[in-house]
Amino acid sequence: MKKYNVAVVGASGAVGEELFRVLEEVEFPIANLLPLASARSVGEEVECQGKAYKIQELTEDVFEGKGIDIAFFSAGGSISEKFAKYAVESGAVVIDNTSHFRMVDNIPLVVPEVNPEDIANWEETGIIANPNCSTIQMVQLLKPLHDLYGIKRVDVSTYQAVSGAGKTGMEELVMQMQAFFNFTLDDAKVEAFAHQIALNVIPHIDVPEDNGYTKEEMKMVNETNKIMHSDFAVSATCVRVPVLRSHSESITITFEDGVDVDVAKAREVLENFENVVVIDDMSKNEYPMPIISTDTDETYVGRIRKDLYSDNILHIWGVADQVRVGAATNSVRIAQKWIKLEEN
């Protein structure tokens, strides 16, 4: 099997660390690994596939002469904006995990289970964009249902874990919970989020926009239709909850007029869709939860039920580990599909 030279930008971050785990778990064909980060992380070691690699500083010329085939970027949009072009110029395909390139017309935005054919368009810019974590897990559930009935509208409310805000978000929740048990919660720092997150939910993720939605909510709206090559209506309300890892979503799907939803058929197409697991037995208290999805590579769905008043409406509940399914795992799956494309 051919092996590939791989770079990881953002090697010391939460997604970067997860990327190394996923690359090892799937036995990704790595010839050499180049971990990259800011100057403050230089010299730190990362391990992958039984080897240790020292983190190097990300610079404009760091890709030169390295023969990098695949460069994963997950260090923030401004970093991708500045440095992705140097990786592309060196001959690498960039798989970007930030929001910077997602809505650029000639850059494919890919969830491999949903639109793998778009990967073939990578050569125009040398870049493939990884969608927003909440969008990824949602479109994995929407795709088989859209193919079955045709979607007219989607309304989603998210319950997003603090790890979506990185290590600082996780640390803040833990510190605030420690403060609660020490009876000092009133004095705990509130920095990562707009309000205290411990014992609270915050209906505010990312910056507000003029239309009353937040940037996070508009990502779900715009990215969904780009990935699915569709034009159905999407409305999102994104909420931060005091969970360390794995996002949950309550999704209401309105199908085309005249559709009479068959729940058994809906469940069947979800069960048969790649990397989707149905857990749906209320009598046994079985349904998707963050403690089930965390540290896994599947998207879980349950609470599948027809609307009480409209035959063409279905309600579902989906959960996935957003650091893996919503970031690292999706990026690696894109790379695996890209390799198959290149080798064929």
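Before any of the text, the structure's been laid out above.
What comes next is a walk through the structure. (Residues numbered from 1 in each chain as written. Predicted model: local features only at pLDDT ≥ 70, side-chain atom pairs only at ≥ 80, totals over all residues. Heavy atoms only, no water.)

**Describing the packing of aromatic side chains**
For any pair of aromatic rings, geometry is given as the distance between the ring centres together with the angle between the planes.
Phase 1: Under the definition given, this model contains seven aromatic pairs.
Phase 2: Ring plane angle 70° and centroid distance 6.2 Å describe the contact between Tyr-4 and Trp-338, whose orientation is recorded as edge-to-face. Of this pair, Tyr-4 sits in strand β1 (residues 4–9) while Trp-338 sits in helix α8 (residues 324–343); the two residues are 334 residues apart in sequence, bridging distant segments of the chain.
Phase 3: Under the relative-accessibility criterion, Tyr-4 is labelled buried at 2%.
Phase 4: Overall, the relative accessible area of 6% leaves Trp-338 in the buried class.
Phase 5: Here Phe-180 and Phe-181 contribute two aromatic rings whose centre-to-centre distance is 5.1 Å and whose plane-to-plane angle is 70°, an arrangement assigned as edge-to-face. (Phe/Tyr/Trp six-rings, centres within 6.5 Å; stacked < 30°, edge-to-face > 60°. Helix = DSSP H or I, 4+ residues; strand = E, 2+ residues; numbered from the N terminus. Buried < 20%, exposed > 50% of the residue type's maximum accessible area, 1.4 Å probe, protein only.)

**Details of the pairing of β1**
Phase 1: Of all six residues making up β1, six are buried, and the element is well covered by its neighbours.
Phase 2: Side chains Tyr-4, Val-6 and Val-8 of β1 all project onto a buried face; the interleaved residues Asn-5, Ala-7 and Val-9 project onto the opposite face, where all are buried too.
Phase 3: Bridge count for β1 against strand β2 (residues 30–37) is six bridges, and the pairing is parallel. For Val-9, the partnering residue across the bridge sits in β2 and is Leu-36. (Pairing = 2+ DSSP bridges.)

**A few points about the sheet that holds strand β9 (residues 151–160)**
Backbone hydrogen bonds hold the strands of a sheet together, and the pairing may be parallel or antiparallel.
Phase 1: Taken together, six strands build an open sheet; the order of strands is β10-β9-β11-β14-β13-β12 and the sheet is mixed. Both edges of this open sheet fall to β10 (233–240) and β12 (276–278), since each of them pairs with a single strand only. Ignoring which end each strand starts from, the neighbouring axes of this sheet average 20° apart.
Phase 2: Pairing of strand β11 (residues 247–255) with strand β14 (residues 313–320), which is carried by eight bridges, proceeds in the antiparallel orientation. Directly across from Ile-251, in β14, lies its bridge partner Ile-316.
Phase 3: Seen against the sheet, helix α3 (residues 133–149) touches β9, β10, β11, β12, β13 (299–306) and β14 and runs at an angle of roughly 30° to β11. (Axes fitted to C-alpha atoms, helices over the stretch in contact; angles between N-to-C directions. Contact = heavy atoms within 4.5 Å.)

**Describing the pattern of salt bridges**
Phase 1: The final tally for this structure, using the stated rule, is 20 salt bridges.
Phase 2: Across the pair Glu-18 and Arg-245 runs a salt bridge, and its minimum N-O distance is 3.1 Å. With Glu-18 in helix α1 (residues 14–25) and Arg-245 in the loop between β10 and β11, the pair connects residues that are 227 residues apart, well separated along the chain.
Phase 3: The class for Arg-245 is buried, based on a relative accessible area of 16%. (Salt bridge = Lys/Arg side-chain N within 4 Å of Asp/Glu carboxyl O.)

**Observations regarding the nonpolar core**
The tendency in soluble globular proteins is for nonpolar side chains to be buried as a group.
Phase 1: Among the nonpolar cores identified, the biggest contains 58 residues, and Phe-63, Ala-71, Phe-73, Leu-142, Ile-251, Phe-255 and Ile-316 are the most heavily contacted of them.
Phase 2: Broken down by element, this core gets its largest block of residues, seven residues, from α3.
Phase 3: Those residues in contact with Ile-251, other than ones at most four positions away along the chain, are Met-138, Leu-141, Leu-142, Val-154, Asp-155, Val-156, Leu-314, His-315 and Ile-316.
Phase 4: The next biggest cluster of nonpolar side chains, apart from the first, holds 30 residues, and it includes Phe-72, Val-110, Ile-119 and Ile-128. (Core = buried A, V, L, I, M, F, W, Y, C linked by side-chain atoms within 4.5 Å.)

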